[in-house]
Amino acid sequence: QVQLVESGGGLVQAGGSLRLSCVASARTFSTYTMGWFRQSPGKEREFVAGISWRVSVTDYADSVKGRFSISRDNAKNTVYLQMNSLKPEDTAVYYCAAARGGLSIRAETYDYWGQGTQVTVSS
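The rules behind the values
- Residues numbered from 1 in each chain as written.
- Predicted model: local features only at pLDDT ≥ 70, side-chain atom pairs only at ≥ 80, totals over all residues.
- Heavy atoms only, no water.
- Helix = DSSP H or I, 4+ residues; strand = E, 2+ residues; numbered from the N terminus.
- Buried < 20%, exposed > 50% of the residue type's maximum accessible area, 1.4 Å probe, protein only.
- Phe/Tyr/Trp six-rings, centres within 6.5 Å; stacked < 30°, edge-to-face > 60°.
- Salt bridge = Lys/Arg side-chain N within 4 Å of Asp/Glu carboxyl O.

### Observations regarding unusual backbone geometry
Notably, Asn77 is not glycine yet its phi reads approximately 50°, a positive angle. Inspection of the secondary structure assignment puts Asn77 in the loop between β7 (68-73) and β8 (78-83). Owing to a relative accessible area of 18%, Asn77 belongs among the buried residues under this scheme.

### Details of the packing of aromatic side chains
Tallied over the full model, the rule gives five aromatic pairs. A ring pair is formed by Phe37 and Phe47, whose centres lie 5.6 Å apart and whose planes are at 75°; its orientation type is edge-to-face. Of this pair, Phe37 sits in strand β4 (residues 33-39) while Phe47 sits in strand β5 (residues 46-51); the two residues are ten residues apart in sequence, bridging distant segments of the chain. The same class applies to Phe37 and to Phe47, which are both buried. Each ring, one from Phe37 and one from Tyr110, has its centre 5.1 Å from the other, and the planes form 80°; the classification is edge-to-face. With a gap of 73 residues between them, Phe37 in strand β4 and Tyr110 in the loop between β9 (92-99) and β10 (112-113) connect regions that are remote in the sequence. Both residues of the pair, Phe37 and Tyr110, count as buried.

### Remarks on the pattern of salt bridges
Under the criterion given, the structure shown has six salt bridges. With a shortest N-O distance of 2.7 Å, Arg38 and Glu46 are connected by a salt bridge. Using a relative accessible area of 6% as the deciding quantity, one classes Arg38 as buried. Ionic contacts of the salt-bridge type, sharing partners, join the residues Arg38, Glu46, Arg67 and Asp90 into one network.

Shown next as structure tokens:
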């Protein structure tokens, strides 16, 4: 029902920055919790960052805290992930997700998923 399209991935050197974008088709976008997850080969999908319908409520994985920042623009139906001070271990496919419930770090609580965008950080 809700379609999500990620963009902004690419190849960067360690220490560089990228901004990922996710555009949602939902008319009621502002009422959805939005999250970013990532997955690399041989690893489980892990929570990166989330933001509730209240823009002041956010959550981050310990591994990205202080480096990544999530935000949303409800007028554009878009959520962003600003990634700074990137490290090779940040290399993964990044997925945008939407949930009808509250802010959560559990992938199974999210109802809709994008196709992912590749982020590669070289050393």
